[in-house]
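Results of the structural survey
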Amino acid sequence: MIPLSPTRLEPAQWQRDLAEAIHDPRELLALLGITPDRVPDLDPDSPFPLRVTRYFAGLMRPGDPNDPLLAQVLPRRLEKTEVAGFGTDPVGDLDALLGSGLLHKYEGRALAVTTGACAVHCRYCFRRHFPYAEQSLLRDWQASLDRLRGLDQVSELILSGGDPLTLADKRLGELTEDAQTISHLRRLRIHTRVPVVLPARVTSALCRLIDASRLQVVVVIHVNHPNEVSPELGGAMAALRDAGAILFNQAVLLKSVNDDADTLIRLSEALIAIGVVPYYLHLLDAVAGAAHFDVPVDQAIALMEALQARLPGYLVPRMVREVAGAQSKTPLAAC
Ligand SMILES: *Cc1c(COP(=O)(O)O)cnc(C)c1O
Ligand code: SF4
């Protein structure tokens, strides 16, 4: 083990922040000065409950029930409407599971479901019905490691979840130390929304861990709207970059959140200003409860054309959709 930080009996500041996340929709609305009558279909008892950090709530516009950040986290009763074609395993993850939380769908890459926990609950999440309790990598990490050791064509381990950065530095340190012993692994990719909703999570201990690894670390954050890009997020990205990480963003195209060219252009510009390259813009996965975020494919194509016309090529994210059973993410043009 690399020495990370002195053993703490006290939880770190970010862990305390996480413990103080908001779970009651009425509390969130009160904080934003929005009276509940302005959100008539609020669902205070959703089985996929509200979860949002106070920091992220602070990026929302007070008094605006249609705020694009609020829309991503606020449980609404219309999520309970059944919509044809929207199910509980939209991307075929259950078929690809090798057991113990390891997904091997695409050549050269294996994805680890490290934890079910997230710092925020996004209403459109494609894993909102995922059976985390049965499929966490860490439940039987040794067995997963052995399996990974046997996949000798895999050069990249993707830490996903839930959100891997909800794990303590010590746990992440053990995970990366073990992964490093697998000789065919060259890269460690971390898919996370935590820096976006809790930039304080990017601690110096985390950066030391990344810096010390023999694996090239790639961090893919998840920002959907330019209002999510703050000086604090910029600081966190600078720290990760200084530690040697390569930084990308993936977003999801969401109706009434970012389904217009100006917003998407501002998003790309805001990301590159903090050193993050737009990687993917995902079409919504057809997950039950999220149909009201769906953007029609022809509108998505028109948006893509607008971005291509108005942005440098490297600021145009690849628009993809996940097709169960496909050998990679599927570019929109081929959908
Ligand atoms: C999205 C995904 C990947 C990564 O795909 P890239 O196109 O390399 O970003 C790998 N494994 C699984 C299971 C995925 O869903
Ligand atoms: S942070 Fe990612 S995994 Fe967690 S709820 Fe949001 S989209 Fe889903």
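See the structure printed just above.
This is a predicted model, so every value here is computed, not measured.

Bringing the packing of helix α7 (residues 169–180) against helix α9 (residues 204–212) into the picture now. Two elements in contact, α7 and α9, have axes separated by 10 Å at closest approach and are oriented at 5°. Classed by the angle they form, the pair α7 and α9 counts as roughly parallel. For the pair formed by α7 and α9, the contact residues are D169, L172, G173, T176 and Q180 on the first element and A205, L206, L209 and A212 on the second. In terms of residue class, the contact of α7 with α9 is made up of five nonpolar, three polar and one charged.

Looking at ligand 1, the residues that line it are K105, Y106, R109, L111, I158, R189, Y279, Y280, E322 and K329. Between ligand 1 and the protein, one listed contact pairs an oxygen atom with a side-chain N or O atom of Y280 at 2.6 Å. Between ligand 1 and the protein, one listed contact pairs an oxygen atom with a side-chain N or O atom of K329 at 2.9 Å. Protein contact buries 94% of the 390 Å² of open area that ligand 1 shows by itself. Looking at the shell around ligand 1 residue by residue, the class counts come to five nonpolar, no polar and five charged.

As a general point, the strands of a sheet are linked pairwise by backbone hydrogen bonds and lie either parallel or antiparallel. Ordered in space as β1-β2-β3-β4-β5-β6-β7-β8-β9, the nine strands form an open sheet in which the pairing is mixed. Here the strands that pair on one side only, and so sit at the sheet edges, are β1 (102–103) and β9 (330–331). By the bridge criterion, two bridges tie strand β8 (residues 318–321) to β9 in an arrangement that is antiparallel. In the strand pairing of β9, R321 is matched with T330.

As a further point, take the environment of P68. Residue placement: P68 occurs in the loop between α3 (54–57) and α4 (70–73). Spatially, the C-alpha atom of P68 lies 7.1 Å from that of S256, the residues being 188 residues apart in sequence. Once residues within four sequence positions are removed from consideration, P68 is found in contact with R61, H225, N227 and V257.

Examined against the element boundaries, N224 turns out to sit in the loop between β5 (216–222) and α10 (231–242). For N224, the side chain forms a polar contact with the side chain of Q72, separated by 2.9 Å. Excluding residues that lie within four positions of it along the chain, N224 makes contacts with Q72, Y124, R193, A251, V252, L254, N258 and L267.

Moving on, we get to α7. Over its twelve residues, α7 extends 16 Å from the first C-alpha to the last, a length consistent with the 16 Å expected when each residue adds 1.5 Å. Along α7, the positions that sit buried rather than exposed are D169, L172, G173, L175, T176, A179 and Q180. What you see down the axis of α7 is that its buried residues fit within an arc of 165°, all on one side.

What follows is about the packing of helix α11 (residues 261–273) against helix α12 (residues 297–310). Where α11 meets α12, the closest approach of the two axes is 10 Å, and the angle between their N-to-C directions is 50°. Considering the angle they form, α11 stands oblique to α12. Crossing geometry of α11 relative to α12 is assigned as right-handed. Contacts from A261, D262, L264 and I265 in α11 reach L303, A306, L307 and R310 in α12. Taken together, the residues of the contact of α11 with α12 sort by class into six nonpolar, no polar and two charged.

The rules behind these values
Residues numbered from 1 in each chain as written. Chains lettered and ligands numbered in written order. Predicted model: local features only at pLDDT ≥ 70, side-chain atom pairs only at ≥ 80, totals over all residues. Heavy atoms only, no water. Axes fitted to C-alpha atoms, helices over the stretch in contact; angles between N-to-C directions. Helix = DSSP H or I, 4+ residues; strand = E, 2+ residues; numbered from the N terminus. Parallel < 35°, antiparallel > 145°, perpendicular 65-115°, else oblique. Contact = heavy atoms within 4.5 Å. Nonpolar A, V, L, I, M, F, W, Y, C, P; charged D, E, K, R; others polar. Near = heavy atom within 4 Å. Polar contact = N/O pair within 3.5 Å; in protein donor to acceptor, adjacent residues only side chain to side chain. Areas by Shrake-Rupley, 256 points an atom, 1.4 Å probe, with all protein chains shown as cover. Pairing = 2+ DSSP bridges. Expected span 1.5 Å × (residues − 1). Buried < 20%, exposed > 50% of the residue type's maximum accessible area, 1.4 Å probe, protein only. Arc of directions from axis to C-beta. Left-handed = near helix turned anticlockwise from the far one by under 90°.

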